[in-house]
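Here is what each chain is made of, one letter per residue.
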Amino acid sequence: MADVTFTSPKMAKDLTVYATAGDCHTLLSVAKAHKVPIEFECENGECGSCSIQVVVMADIPMAIHLTEKEKTVLRLSGKISKEQIEDAEVRDMPPPWRLACQYIVRDEDILVRL
Ligand code: FES
């Protein structure tokens with residue numbers, strides 16, 4: 001089980017939900033299931049409207065892998081740099097921005113800023 005805490009000025013208070021390991025849900029689907037006011041349009045990694053900041057609370061981050069769509073959209077919007085993509089791929093350092101529709105929730109605690 002992983003704690004996924006959502007925080008946003010749009011929410012009256014932070015919300016922590018529990019994601020079951022092995023479910024392979026996207027962060028967007030977890031947010032929608034718990035009525036978190038997350039923005040989204042395409043749900044396919046193309047529009048960038050679901051960009052969120054993710055802080056990994058675990059010592060060893062797990063959900064580091066970025067999809068090709070995620071890399072392209074986040075790079076073009078200026079949210080992550082080429083170096084941050086390389087850090088993720090080579091040094092297992094999680095990038096600060098992700099696309100909620102592409103991020104698969106793993107068995108690790110995370111803080112999500114909308
Ligand atoms: Fe369009 Fe996620 S909803 S990129």
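Residues numbered from 1 in each chain as written. Predicted model: local features only at pLDDT ≥ 70, side-chain atom pairs only at ≥ 80, totals over all residues. Heavy atoms only, no water.

1. A look at the confidence of the model for the protein chain
Scored by pLDDT, the protein chain comes out at a mean of 92, with 97% of its residues at no less than 70. Taken element by element, the predicted model of the protein chain shows its lowest mean pLDDT in strand β2 (residues 15-19) (91) and its highest in strand β4 (residues 97-99) (97). (pLDDT = per-residue confidence, 0-100. Helix = DSSP H or I, 4+ residues; strand = E, 2+ residues; numbered from the N terminus.)

2. Some remarks on the sheet that holds strand β3 (residues 51-56)
With mixed pairing, five strands are arranged side by side in an open sheet as β2-β1-β5-β3-β4. Only two strands of the sheet have a single partner each, and these edge strands are β2 and β4. On average, each strand axis in the sheet is inclined to that of its neighbour by 35°, with strand direction left out of account. Of the pairings in the sheet, the one linking strand β1 (residues 2-7) to strand β5 (residues 110-113) comprises four bridges and is parallel in character. Across the sheet, residue Thr 7 finds its bridge partner in β5, namely Arg 113. The strands touched by helix α2 (residues 68-76) within the sheet are β3 and β4, with β4 carrying the most contacts at an inclination of about 125°. (Pairing = 2+ DSSP bridges. Axes fitted to C-alpha atoms, helices over the stretch in contact; angles between N-to-C directions. Contact = heavy atoms within 4.5 Å.)

3. What to know about the side chain of Glu 108
Among the structural elements, Glu 108 can be located in the loop between β4 and β5. The buried charged residue Glu 108 lacks any salt bridge partner; its closest oppositely charged side chain belongs to Arg 106, at an N-O distance of 6.6 Å. Those residues in contact with Glu 108, other than ones at most four positions away along the chain, are Ala 2, Asp 3, Val 56, Ala 58, Ile 60, Pro 61, Met 62, Ala 63 and Tyr 103. (Buried < 20%, exposed > 50% of the residue type's maximum accessible area, 1.4 Å probe, protein only. Lys, Arg positive; Asp, Glu negative; His and termini not counted. Salt bridge = Lys/Arg side-chain N within 4 Å of Asp/Glu carboxyl O.)

4. Looking at the nonpolar core
Generally speaking, a soluble globular protein has its nonpolar side chains buried in company with each other. Counting 30 residues, the largest nonpolar core has Val 4, Phe 6, Leu 27 and Ile 110 as its most contacted members. Every element with two or more residues in this core is listed here: β1, β2, α1 (27-33), β3, α2, α3 (82-91) and β5. Examining the composition of this core, we find that four residues originate from one element, α1, more than from any other. The contacts of Leu 27, once residues within four sequence positions are left out, are Val 4, Phe 6, Ile 52, Val 54, Ala 100, Tyr 103, Val 105, Ile 110 and Val 112. (Core = buried A, V, L, I, M, F, W, Y, C linked by side-chain atoms within 4.5 Å.)

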